[in-house]
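As a plain string of letters, each chain reads:
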Amino acid sequence: MFADSYTGRRIFITGHTGFKGSWLSAWLVRLGAVVRGYSDAVPTSPSHFAATNLADHIDDTRGDVRDRNGLTRAVQQFKPDIVFHLAAQALVRKSYDAPAETFETNMLGTLNALEAARRCDSVRALVVITSDKCYRNDEWVWGYRETDHLGGDDPYSASKGCAEIIAHSYIKSFFKDGPACATTRAGNVIGGGDWATDRIVPDCARAWAANTPVSVRSPWATRPWQYVLEPLSGYLHLGTRLLNGEKTAFSPHGQAYNFGPAADVNNTVAEITDALARHWPGFTAHTNADAHNGGKECTLLKLCCDKALAHLQWKATLDFEETLRYTAEWYRCFYKGEGGKTPRDMLDFTLGQIAAYCTAAELREQSWTRR
Ligand SMILES: NC(=O)c1ccc[n+]([C@@H]2O[C@H](COP(=O)([O-])OP(=O)(O)OC[C@H]3O[C@@H](n4cnc5c(N)ncnc54)[C@H](O)[C@@H]3O)[C@@H](O)[C@H]2O)c1
């Protein structure tokens, strides 16, 4: 996948120590790219970033995306071809406890990433990662389209809607002849190596590794769950097209894209815990369902991904069971390791999953071509 698009390319990733940023960095290392990461800290312990020893394989730097000059300097020194902006305060519940920090990180951070890209001549492309939560949630059964209203009641969702508006203002105002830029709105991402608080899969992994029950909020809530490699493959497809600088009718410059699972994959939280337990022999999904989420999170959320298919030929590869199997296998390997020991380095396992995913995606593409 991606042929030689990223071989030898210089890639700047904000949020590289986080769950998705770390997987993206690992994938780009596999593709032969030269990666610099820029993050304020490693957000959890354990973390995918530490478990894969990624700091040994990329240029791992610390900095705050709210520091415009610091971020701009880091970009200018590195001279990247492309920037992936992922750094964010990424948790809905935390956004209620720390609304100002959430808005500052997600809005100002995005503004500063755009500004840094604008002030660095080497940057030819910029991919801004926002969220499916950038849409005003109407609790309806249809998938949100890229043209639907932005909004969001909680501070996290609102901050991501704002990030979208800021990015599109920069695209219209400054990037006509500047870097090609697009925004992305992925659904709920799961996968090995996420240890964030208040997310269902990390909650299960932590609880079941300690053989204790897990508390489940809103077990009936549905989300567009997808394996971490699905949206990342979307970002990489998009990055390739932006780097090509094409000016066709389907040029992704200035566009927003949803990346989510197939329309019929919209499972509840309870179905996630049951499926995870199926792929985690020896553990049972003994859950304490907590029916009260205090109205803090929406219950119905779905994405329409037709535009990513039409413009980028991107479509999710894994079905629901495979998504949960990949997830459980990564955690089981981390917690048990071979011979009952935690392996020192999860990079090989991570790269193995990326290779398996690429094979599955290529087979799926070939079956389309034959049709
Ligand atoms: N995980 C999901 O389900 C999901 C779904 C949709 C969108 N997203 C978006 O994808 C991106 C990555 O999400 P994630 O799950 O990997 O999050 P994460 O919390 O695991 O990682 C966040 C990253 O941002 C960095 N960061 C936070 N504040 C910073 C600051 N002020 N300065 C510099 N770096 C800072 C952290 O150090 C970390 O590297 C975020 O933009 C998030 O909003 C995530």
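Residues numbered from 1 in each chain as written. Predicted model: local features only at pLDDT ≥ 70, side-chain atom pairs only at ≥ 80, totals over all residues. Heavy atoms only, no water.

Per an unreviewed UniProt entry, the protein is named CDP-glucose 4,6-dehydratase, and its organism is Candidatus Desulfovibrio kirbyi.

Draft legend 1. Broad picture of the site of the ligand. In the vicinity of the ligand lie 29 residues, with Thr 17, Lys 20, Leu 86, Tyr 156 and Lys 160 positioned nearest. Between the ligand and Asp 64 there is a distance of 2.9 Å, counted from a nitrogen atom to a side-chain nitrogen or oxygen. Separating an oxygen atom of the ligand from a backbone N or O atom of Leu 86 is a distance of 2.8 Å. Protein chains bury 93% of the 830 Å² of accessible surface belonging to the ligand in isolation. Looking at the shell around the ligand, the elements with two or more residues in it are α1 (19-30) and α6 (155-174). Looking at the shell around the ligand residue by residue, the class counts come to 12 nonpolar, 11 polar and 6 charged. (Near = heavy atom within 4 Å. Polar contact = N/O pair within 3.5 Å; in protein donor to acceptor, adjacent residues only side chain to side chain. Areas by Shrake-Rupley, 256 points an atom, 1.4 Å probe, with all protein chains shown as cover. Helix = DSSP H or I, 4+ residues; strand = E, 2+ residues; numbered from the N terminus. Nonpolar A, V, L, I, M, F, W, Y, C, P; charged D, E, K, R; others polar.)

Draft legend 2. Spotlight on the packing of aromatic side chains. All told, the structure shown has 23 aromatic pairs when counted by the stated rule. Considering the side-chain rings of Tyr 227 and Tyr 326, the 5.2 Å spacing of their centres and the 70° angle between planes classify their relative orientation as edge-to-face. Residue Tyr 227 is found in strand β10 (residues 226-227), and its partner Tyr 326 is found in helix α11 (residues 320-336); the two are separated by 99 residues along the sequence. Taking relative accessible area as the criterion, Tyr 326 reaches 7% and is therefore assigned buried. Note on Trp 330 and Tyr 331: the rings are 6.0 Å apart at their centroids and 80° apart in plane angle, and the pair reads as edge-to-face. Overall, the relative accessible area of 0% leaves Trp 330 in the buried class. Residue classification places Tyr 331 among the buried residues on the basis of a relative accessible area of 0%. (Phe/Tyr/Trp six-rings, centres within 6.5 Å; stacked < 30°, edge-to-face > 60°. Buried < 20%, exposed > 50% of the residue type's maximum accessible area, 1.4 Å probe, protein only.)

Draft legend 3. Quick look at the state of the cysteines. This structure, assessed with the given rule, holds 0 disulfides. Looking at the unpaired Cys 134, the closest cysteine sulfur is the one in Cys 162, lying at 11 Å. On the basis of relative accessibility, which here comes to 0%, the residue Cys 134 falls in the buried class. A disulfide-free cysteine, Cys 333 has its sulfur positioned 19 Å from the sulfur of Cys 358, the nearest such atom. (Disulfide = S-S within 2.5 Å.)

Draft legend 4. Molecular detail of the sheet that holds strand β4 (residues 82-85). The parallel open sheet is built from 7 strands, whose spatial order is β3-β2-β1-β4-β5-β6-β11. Each edge of the open sheet carries a strand with a single partner, namely β3 (59-62) and β11 (256-259). Averaged over neighbouring strand pairs, the angle between their axes works out to 20° when direction is ignored. Sheet topology places β4 next to strand β5 (residues 125-129); 4 bridges connect them, and they run parallel. (Pairing = 2+ DSSP bridges. Axes fitted to C-alpha atoms, helices over the stretch in contact; angles between N-to-C directions.)

Draft legend 5. Geometry of unusual backbone geometry. A cis geometry characterises the amide bond from Ser 45 onward to Pro 46, with omega recorded as 0°. With respect to the helices, strands and loops of the structure, Pro 46 is situated in the loop between β2 (34-39) and α2 (48-51). We note that Phe 2 has phi near 70°; this positive angle belongs to a residue other than glycine. Within the element layout of this structure, Phe 2 appears in the segment before β1 (10-14). With phi around 60°, Asp 198 is a residue other than glycine that occupies positive phi space. Among the secondary structure elements, Asp 198 is positioned in the loop between β7 (189-190) and α7 (200-209). The partly exposed category is assigned to Asp 198, whose relative accessible area is 33%.

Draft legend 6. Up close: the side chain of Arg 241. Within the fold, Arg 241 resides in helix α8 (residues 229-244). Ignoring sequence-local partners within four residues, the contact set of Arg 241 consists of Glu 246, Phe 250, Pro 252, His 311, Leu 312 and Gln 313. (Contact = heavy atoms within 4.5 Å.)

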